[in-house]
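# Remarks on the overall topology
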Amino acid sequence: MSNVNIETLLASKLIGSSAKMQQLRMLVKFAGRCNSSIMITGPSGSGKEVVADAIHCISERAAAPNITVNCGALPEQLIESELFGHEKGSFTGAYNKHVGLFEQSDRGTIFLDEIGDMPLNMQVKLLRVLESRIVNRVGGSQNIPVDVRVIAATHKNLGNAIQGGSFREDLFYRLCVVPIEVPALNERAEDIPALVEHFLDNQSNGNPPPVFTQGAFAALQSYEWPGNVRELRNVVERATVFFSGKQVQAHDIAALVQSDIAPALDDKPIIRPQFSDTQEDRKAAFAPVSHNRASNVIDLNAHLNNEERRIIINALEASHGVVSKAARSINIKRTTFIDKMRKHRIDKQWDDSVPMASGF
């Protein structure tokens, strides 16, 4: 792959022009050229899997499999079988031979996400495979060579885990040949407009996208983003539902983010939300709060209910009161539509304006 193609591919996957993202793309570019094990660190939701995918795509292994494993999601009693495979009859329920994920990744890449959650007994077996490049299926005696590049990732502090005895130091050094740290979103807030544009360009619902104003972008950039890029993606998706074809103003961001965030208007300072370290205080900080419109902060539940009611009424108007047709127009079941009409008491009010079709 030429340098021009690599740069284009990286720019399409690792969005942003901030100094931190430029440095990240440079590290990924170097990592793609080698076959060493890579350790990606960074907070949850920052895009570690995207970075791993970018490394695979620009490497010489790009045409081979790229398999992702969430180490924390695999049951402890099955993780060895999933990673290294098993022979038929090797344990109760092993009715057929199973080729493990390491074998499936041969000549390609295996991404071990949340490696910090891997049980200690499996860390020993993983270390052996990394050093020997040989796997043995559960219940089997055959040595199976594998040519796999291993990329691991975690949001945990593995230094603390090593000190606490929950992670092996020798495995850490075997995995962390090339360390890459993914920055939190609040460390590169200048990339938020580009990320929003990227998420809008990749929406698949076919509806007109919302238009974020400069004030809305300023409000987004003032937020701390505890959920990082994943949270921003959810906010943009939420905006495509409730602001399709409309402008998103600064005062709308609080409802979209589901946080009591101050508006970012030209004549008012941007205020960053302050969070304490306790879980209860963090929950309280994110709880929707009720304010009047003059304060430019919206009660999320009230906003969503109003939007749902408006959508139901518009569907009824467009269908001349035919409930089944109205339900189809917004892609929900007729019974669900009727339940929502009752919820918003539209069934009683609707009779005053548009004749209701029979069968309600």
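Heads up: the structure comes first, above all this text.
Since the structure is predicted, the reported quantities are computational estimates derived from the model, not experimental observations.

Along its length, the chain carries 17 helices and nine strands. When burial is assessed residue by residue, the chain has 44% of its 360 residues classed as buried. Restricting the contact set of the chain to residue pairs at least 6 apart, pairs at least 24 apart contribute 71%. Counting every atom, the chain has about 18700 Å² of accessible surface; 49% of that belongs to carbon and sulfur.

In this section: the packing of helix H9 (residues 192-201) against helix H11 (residues 228-242). Viewed as axis vectors pointing N to C, H9 and H11 meet at an angle of 55 degrees, and their least axial separation amounts to 10 Å. By the angle class used here, H9 and H11 are oblique. The handedness of the crossing between H9 and H11 comes out as right-handed. On H11, the residues touching Ile192, Leu195, Val196, Phe199 and Leu200 of H9 are Val229, Leu232, Arg233, Val236 and Thr240.

We now examine the nonpolar core. Leu83, Phe102, Leu112, Ile115 and Leu175 are the most contacted members of the largest nonpolar core, which totals 31 residues. At the level of secondary structure, the elements contributing two or more residues to this core comprise strand E2 (66-70), helix H4 (79-84), helix H5 (101-104), strand E3 (109-113), helix H6 (120-132), strand E6 (149-154), helix H7 (158-163) and helix H8 (169-175). Broken down by element, the residue count for this core peaks at five residues, all from H6. The residues contacting phenylalanine 102, other than those within four sequence positions of it, are Leu83, Phe84, Ile110, Leu126, Val129, Val135, Val146, Val148 and Val150. Counting residues in hydrophobic clusters, the runner-up holds 26 residues, among them Leu185, Ile192, Leu200 and Phe212.

Moving on: the environment of aspartate 191. By the element assignment, aspartate 191 lies in the loop between strand E7 (178-181) and H9. Taking relative accessible area as the criterion, aspartate 191 reaches 1% and is therefore assigned buried. As a C-alpha pair, aspartate 191 and alanine 19 span 172 residues in sequence and 9.9 Å in three-dimensional space. Apart from residues no more than four positions distant in its own chain, aspartate 191 is found in contact with Ile15, Gly16, Ser17, Ser18 and Met21.

On to helix H3 (residues 48-58), then. Counting buried positions along H3 gives eight out of eleven residues, so the element sits mostly inside the fold. By the burial criterion, the buried members of H3 are Lys48, Val51, Ala52, Ala54, Ile55, His56, Cys57 and Ile58.

With a phi close to 60 degrees, arginine 133 is a non-glycine residue in the positive phi region. Its location among the elements puts arginine 133 in the loop between H6 and strand E4 (134-135). You can call arginine 133 partly exposed: its relative accessible area is 25%. In this structure, asparagine 228 is a non-glycine residue whose phi angle is positive, near 60 degrees. Inspection of the secondary structure puts asparagine 228 in helix H11. Take asparagine 228: its relative accessible area is 3%, and that puts it in the buried class.

Now for the pattern of salt bridges. Opposite charge on two side chains permits pairing when their charged atoms draw close. Scanning the entire structure with this criterion turns up twelve salt bridges. In this structure, aspartate 53 engages lysine 13 in a salt bridge whose closest nitrogen and oxygen atoms are separated by 2.6 Å. Of this pair, aspartate 53 sits in helix H3 while lysine 13 sits in helix H1 (residues 3-13); the two residues are 40 residues apart in sequence, bridging distant segments of the chain. Arginine 137 is the partner of glutamate 87 in a salt bridge, and the nearest nitrogen-oxygen pair spans 3.2 Å. In this pair, glutamate 87 sits in the loop between H4 and H5 while arginine 137 sits in the loop between E4 and strand E5 (144-145), placing the two residues 50 residues apart along the sequence. Linked through salt bridges whose partners overlap, the residues forming this network are Glu87, Glu103 and Arg137.

Rules of the game
- Counting from 1, residues in each chain are numbered in the order their sequence is written.
- Per-residue local features of the predicted model are confined to residues with pLDDT of at least 70, and side-chain atom pairs are confined, for both listing and counting, to 80 or more; whole-chain, interface and lining totals are unaffected and use all residues.
- Hydrogens and water molecules were not included; the side-chain quantities draw on all heavy atoms of the structure.
- Strands are runs of DSSP state E lasting at least two residues, helices are runs of H or I lasting at least four, and both sets are numbered from the N terminus onward.
- Relative accessibility decides the category of a residue: with a 1.4 Å probe and only protein chains considered, values under 20% of the type maximum give buried, values over 50% give exposed, and everything between is partly exposed.
- We call two residues in contact when some of their heavy atoms are within 4.5 Å.
- Accessible areas in this description were obtained via Shrake-Rupley with a 1.4 Å probe; residue shielding takes into account the shown protein chains only.
- Fitting a line to C-alpha atoms yields each axis, with helices limited to the stretch in contact; the angle taken between N-to-C directions then spans 0 to 180 degrees.
- For classification purposes, angles smaller than 35 degrees are called roughly parallel, those larger than 145 roughly antiparallel, those between 65 and 115 roughly perpendicular, and all remaining angles oblique.
- Should the near helix be turned anticlockwise from the far one by less than a right angle, the crossing is left-handed, and should it be turned clockwise, the crossing is right-handed.
- In plain words, nonpolar cores are sets of buried Ala, Val, Leu, Ile, Met, Phe, Trp, Tyr and Cys residues tied together by side-chain atoms within 4.5 Å.
- Between Lys or Arg on one side and Asp or Glu on the other, a salt bridge is scored when a side-chain nitrogen of the former is within 4 Å of a carboxyl oxygen of the latter.

The values are spatial; any link to function lies outside them.
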